[in-house]
Amino acid sequence: MKYALVTGATSGIGIAISRVLARKGYGIVMVSSSQNHLADAEKSMKKRFPKTSIYTIKEDLSQKNSAKHLYSQIKEMGLVIDVLVNNAGKGLIGTTEKISINKDEGLLYLNMVTPTLLCKMFLKDMYKRKSGSILNVSSTAAFQPGPYNSTYFASKAYLYSYSRAIRHEAARHGIRVCTLCPGTTETKFFEKEGIKTPAWAMSAVKVAEYAIDGLEKNKAVIIPGRANKVFRIIPAEIKLMVVALLKKPKNTHNR
């Protein structure tokens, strides 16, 4: 059986992608920092896919050395990962000087450092086998700066750029590296940021279907939905101003 490793797999886009891959016959390795969420997700997956091998690993990927620890666990389990999905991520709302340094550092590890290290380690294995795929979940946030959500937007721009670069390198080894750039999506992401999910958000199920279809077609950049594709070509300065209006905390005033 081929296996897919999905980080941030217990809700939103992560669990939706896990379900699509399970339908296609992959065993699933689900990674999350919450043991309770993993237990619920595992139960749900096994109910839907009773013949599919489901593994769970509790790992806080916002911590230093977590990528190496996760990779080591996969090796100890004797699993060969054919599809790596770097989905875990988070955002922080507020003016940059008011956001906790520790929280921002965790965000940078989760959104940038961990997916980079996981790509490096699993790519070596894929190169040896001459097979495998990587799906890195960036965002339409990668296409412009994001005032009051600055670290998140910048981290997604990094992941977008990094993914495009390693795609070029990996192609000569027969390995696919695709970048998913969803727009506003119905997930717990906004709840964690402390704001309401916008009414125009796309369902995580739709995003997941776009994602795996694009991965199978080896699309360099996968942007779910026509509106998000149009949004990409709007000048960055205009999008920056829109983001600033939407994300500006109510207690923040111009100085």
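Residues numbered from 1 in each chain as written. Predicted model: local features only at pLDDT ≥ 70, side-chain atom pairs only at ≥ 80, totals over all residues. Heavy atoms only, no water.

A. Focus on the state of the cysteines. This structure, assessed with the given rule, holds 0 disulfides. The closest cysteine sulfur to the non-disulfide-bonded Cys 119 is located on Cys 178, 12 Å from its own sulfur. (Disulfide = S-S within 2.5 Å.)

B. Representation of a nonpolar patch on the surface in the model. Residues Ile 234, Ile 238, Val 242 and Leu 246 make up a contiguous nonpolar surface patch of roughly 340 Å² in combined accessible area. Along the chain, the position of Ile 238 falls in helix H9 (residues 236-247). With a relative accessible area of 47%, Ile 238 lands in the partly exposed category. (Patch = residues over 30% accessible without salt bridge, like charges linked within 9 Å, V, L, I, M, F, W, Y side chains within 5 Å. Areas by Shrake-Rupley, 256 points an atom, 1.4 Å probe, with all protein chains shown as cover. Salt bridge = Lys/Arg side-chain N within 4 Å of Asp/Glu carboxyl O. Helix = DSSP H or I, 4+ residues; strand = E, 2+ residues; numbered from the N terminus. Buried < 20%, exposed > 50% of the residue type's maximum accessible area, 1.4 Å probe, protein only.)

C. Fine view of the nonpolar core. Core analysis: the largest hydrophobic core is formed by 32 residues, its most contacted members being Ile 17, Leu 21, Ile 28, Met 30, Val 85, Leu 135 and Leu 180. Put simply, the parts of the chain that give this core at least two residues each are strand S1 (3-7), helix H1 (12-23), strand S2 (27-32), helix H2 (35-48), strand S4 (81-86), strand S5 (133-137), strand S6 (176-180) and helix H7 (204-216). Per-element tally for this core: the top contributor is H1, with 7 residues. The contact partners of Met 30, leaving out residues within four places of it in the chain, are Val 6, Ala 9, Ile 15, Ser 18, Leu 38, Ala 41, Met 45, Ile 54, Tyr 55, Thr 56 and Ile 57. (Core = buried A, V, L, I, M, F, W, Y, C linked by side-chain atoms within 4.5 Å. Contact = heavy atoms within 4.5 Å.)

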